[in-house]
Amino acid sequence: MGYTLYYFELRAVVEPIRQLFKLAGKDFEDKRFTFPEWLGENSPKKTMPFGQLPVLELADGTKLAQSQAIARYLSKEFGGILWGSNNVEAAEIDALIDQYKEYYNEIRKFYYTNMGVMQGDLEELYKDVFLPAADKFYGFIEKKLDASKSGFLVGSELSYADLLVADHLVTLQNIKPEYLKDHPKLTAYKEKVYSNEILKKWLAERPETAM
């Protein structure tokens, strides 16, 4: 089956999906729009289910929207890859994804101001918006890692939750490296996730983006 994954020239919510494809050994077209293309007169926006990205197009032309729906669909298509070894682990992975989304919504103003999409005082937003949310979320993550025998967040193997969290740690390393300096456990965890040979190869060849 042929797949086309539509998104912007960013990692963000789609990077774990790209990594899922790589780990599954499946080919896909990685279609990345520039913002002028997306906002221009001939924008493909009107052809997308909700007028937004990401979107996964299947070989028959069906278009699926929303990053987590896409990821779950692909996992099922590829034999349950990255979604645990049983239903309990799958639910724990889903819970971590939902918790990450809550965290992301909490830091949205800081994140988008850093991208230049919104206006605001970055240092003030870092202190008042980002730090409380990050300390809460990564407190949960560090607690999970402390209890883990494998070094991964759920069960004994790499999961989609690991891909999601590790990629965000890359973003933090790029935009606020001082935060990770105070959390060496998170840095070690990120390095463990990316010690996977398939991911290591992908990281070496993918386009470099700050976010």
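The chain appears in an unreviewed UniProt entry as glutathione transferase from Mesorhabditis spiculigera. Per UniProt, the chain has the following entry under Sequence similarities (unreviewed entry): "Belongs to the GST superfamily. Sigma family." In its Catalytic activity (unreviewed entry) section, the UniProt entry covering the chain states "RX + glutathione = an S-substituted glutathione + a halide anion + H(+)".

Q: Help me understand the side chain of Glu142 in this model?
A: Here Glu142 lies in helix 5 (residues 122-147). Lys185 provides the closest opposite charge to the buried, unpaired Glu142, separated from it by 5.4 Å. Once you skip the residues sitting within four places of it in the chain, Glu142 turns out to touch His183, Lys185 and Leu186.

Q: Would you explain helix 4 (residues 87-115) in this entry?
A: Owing to its 3.6 residues per turn, the α-helix aligns residues three or four sequence positions apart on the same side. Where helix 4 bends most, the angle comes to about 60 degrees, and this point is Ile107. Among the residues making up helix 4, those that are buried are Glu89, Ala90, Ile93, Leu96, Ile97, Tyr100, Tyr103, Tyr104, Ile107, Phe110, Tyr111 and Thr113. Contact partners of the buried residues in helix 4: helix 3 (67-77), helix 5 and helix 6 (160-175). Where helix 4 starts, the residue carrying a side-chain oxygen 3.1 Å from the main-chain nitrogen of Val88 turns out to be Asn86.

Q: I'm lost on the packing of aromatic side chains in this one. Help?
A: Given two aromatic rings, one states the distance between the centres and the angle between the planes to describe the pair. If you walk through the whole model with that rule in mind, you get 23 aromatic pairs. Judged by centre distance (5.0 Å) and plane angle (20 degrees), the rings of Trp83 and Tyr160 are stacked. With Trp83 in the loop between helix 3 and helix 4 and Tyr160 in helix 6, this residue pair connects regions lying 77 residues apart in the sequence. Here Trp83 matches Tyr160 in class, with each residue buried. On the basis of an interplanar angle of 75 degrees and a centroid distance of 5.7 Å, the ring pair of Tyr103 and Tyr138 is categorised as edge-to-face. One end of the pair, Tyr103, is in helix 4; the other, Tyr138, is in helix 5, with 35 residues separating them in the sequence. The exposure class of Tyr103 is buried, given its relative accessible area of 2%. Its relative accessible area of 1% is what places Tyr138 among the buried residues.

So, how was this worked out
Residues numbered from 1 in each chain as written. Predicted model: local features only at pLDDT ≥ 70, side-chain atom pairs only at ≥ 80, totals over all residues. Heavy atoms only, no water. UniProt positions renumbered as here; feature names shortened; annotations may be inferred. Helix = DSSP H or I, 4+ residues; strand = E, 2+ residues; numbered from the N terminus. Buried < 20%, exposed > 50% of the residue type's maximum accessible area, 1.4 Å probe, protein only. Lys, Arg positive; Asp, Glu negative; His and termini not counted. Salt bridge = Lys/Arg side-chain N within 4 Å of Asp/Glu carboxyl O. Contact = heavy atoms within 4.5 Å. Bend = angle between axes of the 7 residues up to and from the residue. Polar contact = N/O pair within 3.5 Å; in protein donor to acceptor, adjacent residues only side chain to side chain. Phe/Tyr/Trp six-rings, centres within 6.5 Å; stacked < 30°, edge-to-face > 60°.

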